Amino acid sequence: MANEILVLDATMMFGKLIQTVAVLLTGLVAGLFYSYACSVTGALGKLPDREYVMTFQSINTAILNAWFFASFYG
């Protein structure tokens with residue numbers, strides 16, 4: 001009986017650890033998106049329309065690679 005309680009406690013602690021790590025990583029990703037929106041998008045918004053579209057098309061072309069897909073969908 002005592003072993004079952006220890007296993008249950010260890011399982012619950014592991015679950016709480018996983019939840020804490022998930023919340024922390026989600027917050028970090030949200031912060032990354034926020035900083036990108038405030039800095040890069042704001043600066044690019046000052047470009048003329050044609051250069052703005054060309055810049056984002058260039059970014060889209062550069063980001064299409066195996067490393068991005070592995071990290072994004074992984």
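Above this note sits the structure.
Rules used in this analysis
Residues numbered from 1 in each chain as written. Predicted model: local features only at pLDDT ≥ 70, side-chain atom pairs only at ≥ 80, totals over all residues. Heavy atoms only, no water. Helix = DSSP H or I, 4+ residues; strand = E, 2+ residues; numbered from the N terminus. Buried < 20%, exposed > 50% of the residue type's maximum accessible area, 1.4 Å probe, protein only. Areas by Shrake-Rupley, 256 points an atom, 1.4 Å probe, with all protein chains shown as cover. Polar contact = N/O pair within 3.5 Å; in protein donor to acceptor, adjacent residues only side chain to side chain.

Before going further, it helps to examine the overall build of the chain. Across its full length, the chain carries three helices and zero strands. Reading the chain from its N terminus to its C terminus gives the helix and strand order α-α-α. Counting over 74 residues, the chain shows a buried share of 1%. For the chain, the exposed surface amounts to about 6700 Å²; the carbon and sulfur share of it is 73%.

Here we come to helix α3 (residues 66-73). By the criterion of burial, α3 is predominantly exposed, with just zero of the eight residues buried. One side-chain oxygen at the N-terminal end of α3 lies 3.1 Å from the backbone nitrogen of W67; it belongs to N65.

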